[in-house]
Amino acid sequence: MNPYVAVALRRLAPIVLALVLFAVLLQLIGYQGIEVLQDIFKGSVGTPNALVQTLRWTIPLVIIGLGAVVSFRSGFFNVGGLGQFYLGAIGATSVATAMPDGPPAVVVTLAVLAGIALGAVWSIVPGILRIVFGADEVITTIMANFVAQYLLLYLLAGPMMDRSSDTAQGAASAPIADDLRISTSNGLSPVTLGVTVAVIVIIWLLLARTSFGVLSGIAGRNGVMLRWQGVKVGRIGLVAFGLSGGLAGLAGALEIMGPSGKLVTGLSPQVGNNAMLVALVAGLAVFGSVAAALFFGALTAASLFLPVAAQLPASAIVVLNGFIAMLVTAQLRLPHWATRRRRPTPGAAEPDPVEQVPLEPKVLS
Amino acid sequence: MADNAITCTGVTVRFGDFVALDDVSVAFERGRIHALVGQNGAGKTTLARAIAGLEAVSEGSISSNGEIIPNGDVIASRERGIEMVHQSFALPPSMTVAEALEYGSTVKGGRSFTRRGLNARWQKYLDASRVSVRAGEKLRNLPVETMQSIEIARALAGDARILILDEPTAVLPPESVGRLFEQIRRLKAAGVTVIIVLHKVREVLEIAETVTVLRRGKLILETVEASGVSVADFTEAIIGGSDAAAAGVAPGTSPVASDDLAAIGLDLGTHAATEFVDTATGESLVRLVGVTSASSSGGPGLHGVDLELFGGQIVGVAGVEGNGQVALAETIAGLSEVRDGQVELIGESATRLDPLRRRGLGLRIIPFDRNTEGLSRSSPLWQNWAIPLLVGARRRRGYVRTGVLRKEAESAFQEWDVRFTSVNQNASELSGGNAQKVILARELDADARVIIAAQPTRGLDLGAVEFVWRALRRARDSGAAVLLISSDLDELMEICDRIIVVYAGGIALDTARPFHIAEIGSAMTGVSA
Amino acid sequence: MIDVIAAVWQSATPLVLAALAGALAQRAGIWHLGLGGLMSIGAMLSVVLAKETGNIPIALIGACFAATVVSALMWFVIVKLSANPIIVGIGVNALGLGGTILGIVAIYGAEGTVKSDVGIPRVFDAVPGPVGQLSLIAVATPFLAVLVWWFVCRTRIGLQITATGDFPFAARSAGISTSRMRLYALLLGGVLCGLSGAELSLGTLQSFSPGMEAGRGLIAFAAVILGAAHPLGSVAAAVFFGAVNYFGIWAQLNWRGVVPTEFMLMLPYIVTIIAVVITARVRGASKSFNLVEMRDG
Amino acid sequence: AIGILAGTAACSSSSSGDTSSTGSAAAEDGSIIFIHDQAAGDGSVTDSTIAGVEDAADQLGYTSQAVYVADPANYESTLRNAADSGATVIVTEFFRITDATNLVAADYPDIKFVHLYADPEEPAISNLLTVSYDSYQVLFLSGVMAATYSDTGKIGMVMGDTQPMIAADFNAYAAGAASVDPSIEVIPGVVGNYDDAAKAQEVANQLYASGVDVIQTDAGGADSGTVAAAMQEPGRFLIASTLSVFDTAPDQTLAVGGLEFGPSAVESIMAVLEPDFEGGHNATGIGEALKLTVADPAPGGADATRFQAAVDAVDAASAGVIDGTTEVPFVTEMP
Ligand SMILES: Nc1ncnc2c1ncn2[C@@H]1O[C@H](COP(=O)(O)OP(=O)(O)OP(=O)(O)O)[C@@H](O)[C@H]1O
Ligand SMILES: Nc1ncnc2c1ncn2[C@@H]1O[C@H](COP(=O)(O)OP(=O)(O)OP(=O)(O)O)[C@@H](O)[C@H]1O
Ligand SMILES: [Mg+2]
Ligand SMILES: [Mg+2]
């Protein structure tokens, strides 16, 4: 078999299993499992509108997902995608609402840059805490997500609140001026698609064709060795944190300037986790991430269709995502009896899977 | 066969398609000391683990005192009194000594305990076993030697009747090896069967009663009496006459002959200057003036060290591990903080220079542990090789043409006779000797002026050791200063032009040829200091 | 003062129980980010069972059992299928949140708050104020903490679990099945998380609303890291977080107009970050349990 | 054609209760889809809207369906999915979904839209009925009641977060209290979300412990925590947001003030199905969909005289608000 096909199949197997488990669970509690699976198909690629939705969601997933690829590859488990996405959205909204009448090209560029910058800052802070103080980034980035949510509430219920109408009661910013919008509410436009493609190409070049790419990959597998080679592993880490946060921030900016058109509380709460899954399903590969993002984009599109079509509560989609996350990194393989020539006595000598995680010790200067 | 403590019958161990042990049938007689030898990757550890139940056997069986041991079941093996001391110790670093002795203990009772009771119980045992350590001490704070004593004490804590030691001497200084051997003899006297994995022929001849040789997973010599083998036969068995080239001896060198045997330290104790040529250029390439520094990992540092290294010299660093060797290497490399004093590198003041700039001046390092400091095991070979090029220490930055780098890596590996299948292979797939050659290919380029070689031959087989030595000599001959840190005195005496002894963070002895082993020994133990 | 202590203890109890579960898993070498999901399951099931049967023991056993079953599932995926524990934990959290809502929809036909008429008995019922509100679980938790500490640090099997996380090869070479140790740690953690969830919903509230776990599992996990996976250290950290939460509310009510409320709401998370930084600084990153220990045998 | 048939059905249902013929229902096969951005099940507005939508569907012989969308980025596509699925009427709720509702309503002129709790659209969209509720006015009455009843001079409110709608509630509550007793202290307690009942309980406990004796709940699903806190000790009182609290905490609940969207949802659905519906707006205030329902009889633990005084004060204030003599401030930021 073509090795790429084999890899793709191996990566897809856990997802297929998750879908099957999901259908079985639904069947057990009284829904039509099979029909739900059909609806997932229909809601993701079955109609033109579904396809548009799939692509629309692929954009933030692939951009944040590639950020996760950069940071995971360099050995840092930055799981703060959501918070960085919010900060990017905040940055873009502040700029765009501050100069609604400016020349669109300039304002949009500034807004996007502000989004990237704020996203990067929100990521570099835990990065510094990790690299300088050794504070575990999994915890600090998760906590930073919570902080970002309340920061968003603070801003939208206070300084950034929409005051354009006397009766406005939603926690929302003023809308982005029409001239500054880079897409309609369906999120697809030459600008959004172009930026996405550019990000994919740039990140691929960065990871595969620059010394930063090669070195950060090695740093993720064995930072000690790089230290002996005179490489400043901490600096690579900071750049990786900054890049991944900047990309999440870019996604936030695109979301505001594109489909959303204004900043509201509770925006896209799933996008951070899903982007992380994208990176992992892809095995931290760039083009694999694009494929995985398309898949998760399709799933997101389907999840909007299911409540209407299958009368499924929205929480069912959360359950499906839970199944996928539980299984996505599992090494599915043939059972022992199918592969082992001779079975050892159960107990002592089984291999230790947690030890076998293909990473080398992470030590920083 | 009831007199055999262990009998292996047709033992085959596979890792995937790779056969690590191939139909090995061997018996170890009770109450004797058996040596198990062979090159790196010969399968010694695998056989030892199979006996200890840590590795499941794919085919064949292992029996103890005539009774078959359940396959791959450590508990079953331990119940039969089989205990193993591992090549790198199996002691959880977060635990105290007493806890480490307790958790795997097979001694009945004591399922729960108080801290005081636990410490008291194991302190008594440690004292009785003449291990001088406090039972409440954290393992991560202990030096290797103590760790090994504890590891052996742990193995003997139960009712050990068969003790397997995997390369116990690799990490020990010479005088501790003597003590270890004494202990092994005492155990034998108490009726314990000992199977000991060794690399050095000298040690085999010193301690072992029988010898078993493995080569590429196959049994070559089966428990012959050690007294009956000549050194030549023995080496022949390990390396294999026709196989010598494959063992890693560089092309252009003659197959292993008696001269080479002498060159690799098999001649018990006479240290003639076989290949010594005075090539010292007199050019001072490294100068430490009153340097006080800390080791980056918190280990022992240096105190007021003065040292000068000259081009064309191999300077050996002898000393018991943990006396400042790591700090010395790190200080020259720029990896540890210099608290006081000056460092000069190739005529420039380097005290505050970062490691990368030092490399730019021509500093090269073969680090202590090739699997973590020297290589990234899960990265492709070409990346492992290309790092200096990527960081710009030697050439370029930014955009990288990976195809070109792959090709360059390939030709460098061929030049250094690395046995590899593809530059895209992960470093973990190489055997120890070949892995070391990848490091040499990276570090020993034409621009190398100062080379720190830390334990470059640890755990390598004879052929590989010879290869490394040749490389170091070549570097010296081309005018580089080589600092060779090794815990193998024979090695230092063999190829160094000058030896310094580190003791307690200072230099206790600085001596040129001819070397006097007694003088070096007393400096190492602090007698002369 | 006693009232404040009781209120803090009340608020800390679910965190303490979950942190103990996290510490056990951490000792066995598994980063347990799924504590919150297990808590949700325990919280939901205990209230549903209490409502339907009126029997508190059945409610508690059911809650613990369900959380334990999901823990066993986690074990299977992580240990037997080599999945990444962090991602699995995030998945368990999603399962806990979505699954409890789905469960409520399946049982009651619509999602919403479930109320039980019976609750976990109050131990000091006669005492007015927060002390009187302490449930049996809250009162028993210090004893449970000591019990877990004793189990982990003062029994051979506890040391074996520790060895499994600290140096799996060492554990295996002593004949210890690392996978079984991980199973024990996760199952025991499941029981503790079930209790934690039950205390959260059935303790004083006697009702369950979806999402009420509200990130407590992650805070408990942070307590594990802060406590260096030591049972008592993790408990201390969890109590500290309970106190921060109490203080956050206090500051909101008493410092009105001084600091915006939203910043008070951020407080527990910011304090967590600061605490993680300080402990990492003090302890040195190398001394905590590592994410991946790779040692060549 | 749909409009005419629906109109007929509406007429028949309004004239004769639930006797609408099953025959016509089978023939028209209409459906109402309600899309809400707040979780259902907490007994508050969303639940009452769902009940209203179901009620309307029953009367019309339609099917009905409620869809919860948590992510604001998904409102529009869910609305489009609902429209594509052939809904007859789509009902939405609250401001966050305004933009999406307007966009989709414009794109699907044949489908009728009802947007509850929204500002009027100018110019009106021909197939969209917006309905606004001055819900903060009820909170003004709550404030009057709480302040009149309070013995300690301190009252509180446990709210989900600080978003403008809730802030407006709080400010009206405080204004109502101040209108009775200018020296009264009104303390807000914010949970941070609408789910964490345990934290709501802690917030309420600290409020009560600090001397507050009446708390208004305003935290959706987390309100059960405030109710539980009130029930912990005698002398703690509540003004709740859902009627069911009268049953859960009969001794503590002084009144229930809140939004009842049910009847107005039915009314609005019927209105958009009128054949001559041209789009428009309905403003609703006190006395219509909104009212403060006081406990009757007085809650078990309450002081009868003070309770009666509070009821009287509410009646007076209510009249004032309805006839416009009392102006209720509308301020959407927390003080
Ligand atoms: N983990 C592994 N996975 C795949 N192949 C392996 C692995 N370990 C070793 N090999 C392969 O098995 C072969 C035998 O290894 P071994 O260590 O015996 O090499 P060797 O010829 O003795 O080399 P040297 O003398 O340099 O140590 C090597 O070619 C190596 O590539
Ligand atoms: N888990 C494993 N998976 C794959 N290959 C393995 C594994 N363990 C050992 N091998 C391979 O089996 C061969 C024998 O290894 P073993 O560790 O027994 O060698 P050894 O004789 O002890 O060598 P050394 O002197 O280097 O310790 C080597 O080629 C090694 O790479
Ligand atoms: Mg070898
Ligand atoms: Mg070995």
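Data block above holds the structure.
What counts and how
- Residues numbered from 1 in each chain as written.
- Chains lettered and ligands numbered in written order.
- Predicted model: local features only at pLDDT ≥ 70, side-chain atom pairs only at ≥ 80, totals over all residues.
- Heavy atoms only, no water.
- Helix = DSSP H or I, 4+ residues; strand = E, 2+ residues; numbered from the N terminus.
- Rg over C-alpha atoms; globule rule 2.2 N^0.38 Å.
- Contact = heavy atoms within 4.5 Å.
- Areas by Shrake-Rupley, 256 points an atom, 1.4 Å probe, with all protein chains shown as cover.
- Lys, Arg positive; Asp, Glu negative; His and termini not counted.
- Charge placed at Lys NZ, Arg CZ, Asp CG, Glu CD.
- Buried area = accessible area lost by both parts, 1.4 Å probe.
- Salt bridge = Lys/Arg side-chain N within 4 Å of Asp/Glu carboxyl O.
- Polar contact = N/O pair within 3.5 Å; in protein donor to acceptor, adjacent residues only side chain to side chain.
- Pairing = 2+ DSSP bridges.
- Axes fitted to C-alpha atoms, helices over the stretch in contact; angles between N-to-C directions.
- Phe/Tyr/Trp six-rings, centres within 6.5 Å; stacked < 30°, edge-to-face > 60°.
- Buried < 20%, exposed > 50% of the residue type's maximum accessible area, 1.4 Å probe, protein only.
- Parallel < 35°, antiparallel > 145°, perpendicular 65-115°, else oblique.
- Nonpolar A, V, L, I, M, F, W, Y, C, P; charged D, E, K, R; others polar.
- Left-handed = near helix turned anticlockwise from the far one by under 90°.
- Near = heavy atom within 4 Å.
- Expected span 1.5 Å × (residues − 1).
- Core = buried A, V, L, I, M, F, W, Y, C linked by side-chain atoms within 4.5 Å.

### Overview of the overall build of chain D
Thinking step 1. In terms of helices and strands, chain D carries 12 helices and 12 strands.
Thinking step 2. In terms of overall dimensions, chain D is globule-like: its C-alpha atoms have a radius of gyration of 21 Å, near the 20 Å expected for 335 residues.
Thinking step 3. Projected onto the principal axes, the alpha-carbon positions of chain D cover approximately 65 × 40 × 35 Å.
Thinking step 4. Contacts spanning at least 24 positions in sequence make up 71% of the contacts within chain D whose residues lie at least 6 apart.
Thinking step 5. When the accessible surface of chain D is summed, it comes to about 11,600 Å², and 52% of that surface belongs to carbon and sulfur atoms.
Thinking step 6. If the 8 positive side-chain charges of chain D are averaged to one point and the 47 negative ones to another, these points end up 8 Å apart.

### Brief notes about the interface of chain A and chain C
Accessible area lost during the coming together of the parts is what is often quoted as the interface size.
Thinking step 1. Facing the 55 residues of chain A at the interface are 59 residues of chain C.
Thinking step 2. Buried surface at the junction of chain A and chain C, summed over both partners, amounts to about 4,900 Å²; 77% is from carbon and sulfur atoms.
Thinking step 3. For the pair chain A and chain C, the interface holds 0 salt bridges.
Thinking step 4. Remark: the boundary between chain A and chain C carries 2 residue pairs in polar contact (both at pLDDT 80 or more).

### Brief notes about the sheet that holds strand S2 (residues 63–68) of chain D
Residue and element names in this part refer to chain D.
Thinking step 1. Pairing in this open sheet of 6 strands is parallel, and the strands run S2-S1-S3-S4-S5-S11 from one edge to the other. The outermost strands of the open sheet, each flanked by one partner alone, are S2 and strand S11 (280–284). On average, each strand axis in the sheet is tilted by 15 degrees relative to the strand beside it, whichever way the strands run.
Thinking step 2. Where strand S4 (residues 112–116) lies against strand S5 (residues 128–133), 4 bridges are found, and the strand directions are parallel. Looking at the pairing, Leu116 lines up with Val131 of S5.
Thinking step 3. Taken strand by strand, helix H3 (residues 45–60) contacts strand S1 (31–36), S2, strand S3 (89–93) and S4, and its axis lies near 175 degrees from that of S1.

### So, the packing of aromatic side chains
Thinking step 1. Inspection of every chain in the model, using the stated rule, returns 26 aromatic pairs over all chains.
Thinking step 2. With a centroid separation of 5.5 Å and 50 degrees between ring planes, the pair formed by Trp31 of chain C and Phe221 of chain C is classed as tilted. Here Phe221 of chain C lies in helix H10 (residues 216–226) and Trp31 of chain C lies in the loop between helix H1 (2–27) and helix H2 (35–53), a separation of 190 residues in the sequence.
Thinking step 3. For Trp31 of chain C, a relative accessible area of 5% puts it in the buried group.
Thinking step 4. Here the aromatic rings of Tyr117 of chain D and Tyr133 of chain D are separated by 5.8 Å at their centres, their planes lie at 25 degrees, and the arrangement is stacked. Taken together, the residues span a long stretch of sequence, with Tyr117 of chain D in the loop between S4 and S5 and Tyr133 of chain D in strand S5 at a distance of 16 residues.

### Some thoughts on the environment of Arg27 of chain C
Thinking step 1. Here Arg27 of chain C is to be found in helix H1.
Thinking step 2. Linking Arg27 of chain C and Gly165 of chain C, residues 138 residues apart in sequence, is a C-alpha distance of 5.0 Å.

### Details of the arrangement of the chains
Thinking step 1. Here 5 pairs of chains make contact, and the pair sharing the most contacts is chains A and C.
Thinking step 2. Spatially, chain B and chain D are disjoint, and the shortest separation between their C-alpha atoms is 37 Å.

### Details of the packing of helix H13 (residues 381–390) of chain B against helix H14 (residues 402–415) of chain B
All names here are of chain B.
Thinking step 1. Look at H13 against H14: their axes get within 9 Å of each other, and the N-to-C directions meet at 105 degrees. Compared by their axis directions, H13 and H14 come out roughly perpendicular. Facing Leu381, Trp382, Trp385, Ala386, Leu389 and Leu390 of H13, the residues of H14 in contact are Thr402, Leu405, Arg406, Glu408, Ala409, Ala412 and Phe413.
Thinking step 2. Considering only residue class, the contact of H13 with H14 consists of 10 nonpolar, 1 polar and 2 charged.

### Thoughts on the packing of helix H6 (residues 136–149) of chain D against helix H7 (residues 164–180) of chain D
All names here are of chain D.
Thinking step 1. Remark: H6 packs on H7, axes separated minimally by 6 Å, with the N-to-C direction vectors making an angle of 40 degrees. Relative to H7, the element H6 lies oblique. With respect to the hand of their crossing, H6 and H7 are arranged in right-handed fashion. Along the contact surface, H6 presents Tyr136, Leu139, Phe140, Ser142, Gly143, Val144, Ala146, Ala147 and Thr148, while H7 presents Ala168, Asp169, Ala172, Tyr173, Ala175, Gly176, Ala177, Ser179 and Val180.
Thinking step 2. Split by residue class, the contact of H6 with H7 holds 12 nonpolar, 5 polar and 1 charged.

### Brief notes about the sheet that holds strand S3 (residues 33–38) of chain B
All names here are of chain B.
Thinking step 1. Spatially, S6-S7-S8-S3-S9-S10 is the arrangement adopted by the 6 strands of the open sheet, whose pairing is mixed. This sheet does not close on itself; its edge strands, each paired only once, are strand S6 (82–85) and strand S10 (218–225). Here the strands of the sheet are splayed against their neighbours by 15 degrees on average, with no regard to which way each runs.
Thinking step 2. Where strand S7 (residues 162–166) lies against strand S8 (residues 193–197), 5 bridges are found, and the strand directions are parallel. Following the sheet pairing, Asp166 is matched in S8 by Val197.
Thinking step 3. Helix-sheet contacts for helix H1 (residues 44–52) involve S3, S6, S7, S8 and strand S9 (210–215), and the interaxial angle to S6 is about 145 degrees.
Thinking step 4. Strands S6 and S7 of the sheet are contacted by helix H5 (residues 144–157), whose axis makes an angle of about 175 degrees with S6.

### Side note on the site of ligand 2
Residues and elements named next belong to chain B.
Thinking step 1. Close to ligand 2 lie 14 residues, the nearest being Gly41, Gly43, Lys44, Thr45 and Thr46.
Thinking step 2. For ligand 2, an oxygen atom lies 3.2 Å from a polar atom in the backbone of Ala42.
Thinking step 3. Interatomic distance of 2.5 Å between a side-chain N/O atom of Thr46 and an oxygen atom of ligand 2.
Thinking step 4. The fraction of the free accessible surface of ligand 2 (630 Å²) that becomes covered by protein chains is 63%.
Thinking step 5. When contributions to the shell around ligand 2 are tallied by element, the ones reaching two or more residues are strand S2 (18–29) and H1.
Thinking step 6. With 3 residues, H1 is the single largest residue contributor to the shell around ligand 2.
Thinking step 7. The residue makeup of the shell around ligand 2, split by class, is 4 nonpolar, 8 polar and 2 charged.

### Focus on the interface of chain A and chain B
Thinking step 1. Contacts between chain A and chain B engage 27 residues on the former and 47 residues on the latter.
Thinking step 2. Buried surface at the junction of chain A and chain B, both sides included, amounts to about 3,000 Å², of which 55% is carbon and sulfur.
Thinking step 3. At the boundary of chain A and chain B, one finds 2 salt bridges.
Thinking step 4. Of the charged contacts in the structure, one is a salt bridge between Lys232 of chain A and Asp354 of chain B, with a shortest N-O distance of 2.9 Å.
Thinking step 5. In this structure, the connection of chain A to chain B is made through 12 residue pairs in polar contact (both at pLDDT 80 or more).
Thinking step 6. Elements with a minimum of two residues in the side of chain A that touches chain B: helix H7 (190–209), helix H8 (211–221) and helix H9 (223–228) of chain A.
Thinking step 7. Its residues placed into classes, the side of chain A that touches chain B shows 14 nonpolar, 6 polar and 7 charged.

### Remarks on helix H8 (residues 197–209) of chain D
Residues and elements named next belong to chain D.
Thinking step 1. The first and last C-alpha atoms of H8 sit 18 Å apart over 13 residues, in line with the 18 Å expected at 1.5 Å per residue.
Thinking step 2. Among the 13 residues of H8, 12 are classified as buried, and the element is accordingly described as predominantly covered.
Thinking step 3. Within the span of H8, buried status applies to Ala197, Ala198, Lys199, Ala200, Gln201, Glu202, Val203, Ala204, Asn205, Gln206, Leu207 and Tyr208.
Thinking step 4. Looking one or two residues past H8, Gly211 carries a phi angle of roughly 110 degrees, positive in sign.

### Section: unusual backbone geometry
Thinking step 1. Here the residue pair Arg513 of chain B and Pro514 of chain B is connected by a cis peptide bond, since its omega of -5 degrees sits within 30 degrees of zero.
Thinking step 2. Relative to the assigned elements, Pro514 of chain B resides in the loop between strand S20 (506–512) and helix H18 (517–524).
Thinking step 3. Positioned with a positive phi, Asn65 of chain B is a non-glycine residue whose angle comes to about 50 degrees.
Thinking step 4. Within the element layout of this structure, Asn65 of chain B appears in the loop between strand S4 (59–64) and strand S5 (67–68).
Thinking step 5. Asn65 of chain B gets classed as partly exposed once you look at its relative accessible area, which sits at 35%.
Thinking step 6. Of note, the phi angle at Ser82 of chain C is positive, near 55 degrees, even though the residue is not glycine.
Thinking step 7. For Ser82 of chain C, the location among the structural elements is in the loop between helix H3 (56–80) and helix H4 (85–108).

### Thoughts on the nonpolar core
Thinking step 1. Ranked by size, the top nonpolar core spans 402 residues in total, and within it Phe22 and Leu226 of chain A, Phe413 and Ile520 of chain B together with Ile32, Met145 and Ile269 of chain D carry the most contacts.
Thinking step 2. It is helix H6 (residues 137–156) of chain A that provides the largest number of residues to this core, a total of 14 residues.
Thinking step 3. Setting aside residues no more than four positions away along its own chain, Met145 of chain D makes contact with Ile239, Leu254, Ala255, Leu292, Val294, Phe307, Ala310, Val311 and Val314 of chain D.
Thinking step 4. In terms of nonpolar packing, the next biggest core, distinct from the first, is built from 35 residues, Val286, Leu309, Ala329 and Leu483 of chain B among them.

### With respect to the pairing of strand S1 (residues 4–15) of chain B
Residues and elements named next belong to chain B.
Thinking step 1. Most of S1 is tucked away, with 9 of its 12 residues classed as buried.
Thinking step 2. As judged from the 8 bridges shared by S1 and S2, these two strands associate in the antiparallel manner. What sits directly across from Ile6, in S2, is Phe28.
Thinking step 3. The antiparallel pairing of S1 with S2 creates a hairpin that spans 2 residues between the two strands, and Gly16 there sits at a positive phi of about 65 degrees.
Thinking step 4. Two elements, S1 and S4, share 5 bridges in a ladder whose sense is antiparallel. Within S4, the position partnered with Thr9 by the bridge is Ser61.

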